[in-house]
Amino acid sequence: MNHGRLETIRKKVEDGERLSFDDGLFLYQPSTPLNEIGALANLVRERKNGNLAFYNINTHLNPTNVCVYRCSFCAFRSDLRDAKAYVMSDEQILQRGQEAVDSGCTEMHIVGGLHHQKKYDWYVHLIRILHQAYPRLHLKAWTAVEINWFEFLAQKSIRAIIQDMVDAGLGSMPGGGAEIFHPEVRGQICEHKADASKWVDVHRTAHQMGLKTNATMLYGHIENEFHRVDHLVRLRELQDETGGFQVFIPLAFHPDNTGLAHIKKPSAIVDLRTMAVSRLMLDNFPHIKAYWIMLGIGTAQAALAYGADDLDGTVRHELIYHDAGATTPEVLSVEEIQRLIREAGREPVERDTLYRRVVRGDGVPQGWEVTEPILAAQTGA
Ligand code: V47
């Protein structure tokens, strides 16, 4: 281990100076002590978000699993004629909306397969019916890969598609589909879908239109440290330009039932290092999320001391990771999520999708209001 190098990095972090690509590679080396970089990431985490740890009450909706793409890491997708193929009806979709509202959800996270027999209008329609029936439920929907598919279906521009979706009730966009941007990896795990520049274009356009979006990175498969740092630096550059990202979510690969089933899932050490490096490299992202579904509850809890300030939510009806072998529960109760956060020495704060504090009245699940933006979270850089 090069102590001088670590000291230089420590000084940069303490002075709020940006880390370089090579710093990122150095932090990723197993010989760079995890506890040291964890402490540095924690410094940044507390500078930006104090002692707060965020969660929300949310649910997932995957309207279909039929997908034209065959990404090798995905266990969720299905061919049209597979026994597990499904497409949800309007009634089923609306029933999910009702269930979400009845259980106090503030957000529905909607992503799915790209069904070759479904027209563009179907995707707009399901946003519209949900929004009309449940106007207070924030619809965080469609990854950049889906928007790119809609471009093909509708023969419209990214901007026109996002505008159609916003008019129908879209509130923000999730960070999926980013995987690993570098073409050396992307060409092997998802060669036909939107490439890095398309993903970035969709998010840039959304930000220019005033929408907030999230960003992810799928790690722990065939990529190496160079590809991960490259991914983080590309996201940091777009954030410098637009400021539209709210949160970065490192997604730990789950191999079961995928085309990469021979690969072992990343260890807790790799998970925590990735969390810390992400916090340190993404100096312009307000939040880093430890998605408990993927990490497991114990690692997600530990991640709150390694740069993460958000656990995602209570999460109902998650399919993508559970199909890929995630053994985490289907849903966490609010009491449980708050207990996990308190046990980690942090103060739990319920947020909405846009990181505003949610205040709940007594008793009724629908009795919630949002207050002003959470100041600590809005400091950005
Ligand atoms: O893009 C698919 C990943 C992503 C596997 O924005 C897998 O708040 C691990 O992006 N093992 C979709 N990962 C999910 C996603 C997400 C999740 C939570 C919160 C937010 C947010 C976004 O899931 C895909 C892909 O990278 N994925 N299969 C797998 N076997």
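This text goes with the structure placed above it.
All values derive from a computational prediction rather than experimental measurement.

Parameters at a glance
- Residues numbered from 1 in each chain as written.
- Predicted model: local features only at pLDDT ≥ 70, side-chain atom pairs only at ≥ 80, totals over all residues.
- Heavy atoms only, no water.
- Pairing = 2+ DSSP bridges.
- Helix = DSSP H or I, 4+ residues; strand = E, 2+ residues; numbered from the N terminus.
- Axes fitted to C-alpha atoms, helices over the stretch in contact; angles between N-to-C directions.
- Contact = heavy atoms within 4.5 Å.
- Buried < 20%, exposed > 50% of the residue type's maximum accessible area, 1.4 Å probe, protein only.
- Phe/Tyr/Trp six-rings, centres within 6.5 Å; stacked < 30°, edge-to-face > 60°.
- Salt bridge = Lys/Arg side-chain N within 4 Å of Asp/Glu carboxyl O.

J.: How would you sum up the sheet that holds strand 3 (residues 107-110)? Please name residues and give values.
T.: What the four strands build is an open sheet, ordered 2-3-4-5; its pairing is parallel. Only two strands of the sheet have a single neighbouring strand rather than two, namely strand 2 (58-61) and strand 5 (170-172). Across the sheet, the axes of successive neighbouring strands diverge by a mean angle of 40°, strand direction being ignored. Two strands pair when backbone bridges link them, and strand 3 and strand 4 (residues 138-141) are joined in this way by four bridges, in the parallel orientation. When the sheet's bridge partners are listed, His-109 is paired in strand 4 with Lys-140.

J.: Can you tell me about the sheet that holds strand 10 (residues 347-350), naming the residues and giving the values?
T.: One open sheet holds the three strands; their spatial order is 9-1-10, and the pairing between them is parallel. Whereas interior strands pair on both sides, the edge strands pair on one side only; in this sheet they are strand 9 (310-313) and strand 10. The average angle at which neighbouring strand axes cross in this sheet is 25°, direction not considered. Examined bridge by bridge, strand 1 (residues 52-56) and strand 9 share two bridges and lie parallel to one another. Pairing of Asn-56 across the sheet is with Gly-313, part of strand 9.

J.: I'd like a rundown of the side chain of His-109, residues and numbers included.
T.: Turning to its location among the elements, His-109 is positioned in strand 3. Discounting chain neighbours no more than four positions away, the residues touching His-109 are Thr-59, His-60, Leu-61, Lys-140 and Pro-174.

J.: Requested: an account of unusual backbone geometry, with residues and values cited.
T.: Phi angles above zero are rare outside glycine, and Asn-257 is one such case at about 60°. On the secondary structure map, Asn-257 appears in the loop between strand 7 (245-252) and helix 11 (268-281). When its relative accessible area of 61% is taken as the criterion, Asn-257 is described as exposed. For Asp-312, which is not glycine, the phi dihedral falls at a positive 65°. Mapping Asp-312 onto the fold places it in strand 9. Residue Asp-312 is classed as buried on the basis of its relative accessible area of 4%.

J.: Lay out the packing of aromatic side chains with the relevant residues and their values.
T.: Scanning the model with the defined rule gives 13 aromatic pairs in all. Plain terms: the ring middles of Phe-181 and Trp-199 are 5.3 Å apart, the flat faces sit at 55° to each other, and that makes the pair tilted. Residue Phe-181 is found in the loop between strand 5 and helix 8 (183-189), and its partner Trp-199 is found in helix 9 (residues 196-208); the two are separated by 18 residues along the sequence. Ring centres of Phe-248 and Phe-285 lie 6.4 Å apart, and the angle between their planes is 85°; on these two criteria the pair is classed as edge-to-face.

J.: Could you give me a rundown of the environment of Gly-16, with the residues and numbers involved?
T.: As for its placement among the helices and strands, Gly-16 is situated in the loop between helix 1 (3-14) and helix 2 (21-28). Counting along the chain gives 28 residues from Gly-16 to Val-44, while the straight-line C-alpha distance between them is 8.5 Å.

J.: Account for the pattern of salt bridges, naming residues and giving values.
T.: Evaluated as defined, the whole model comprises 24 salt bridges. Across the pair Glu-151 and Lys-198 runs a salt bridge, and its minimum N-O distance is 3.1 Å. Here Glu-151 is found in helix 6 (residues 144-154), whereas its partner Lys-198 is found in helix 9, with 47 residues between them in sequence. For Lys-198, a relative accessible area of 22% corresponds to the partly exposed category. Of the charged contacts in the structure, one is a salt bridge between Arg-351 and Asp-310, with a shortest N-O distance of 2.8 Å. Separated by 41 residues along the polypeptide, Arg-351 in the loop between strand 10 and strand 11 (356-360) and Asp-310 in strand 9 bring together distant segments of the chain. The exposure class assigned to Arg-351 is buried, which follows from its relative accessible area of 2%.

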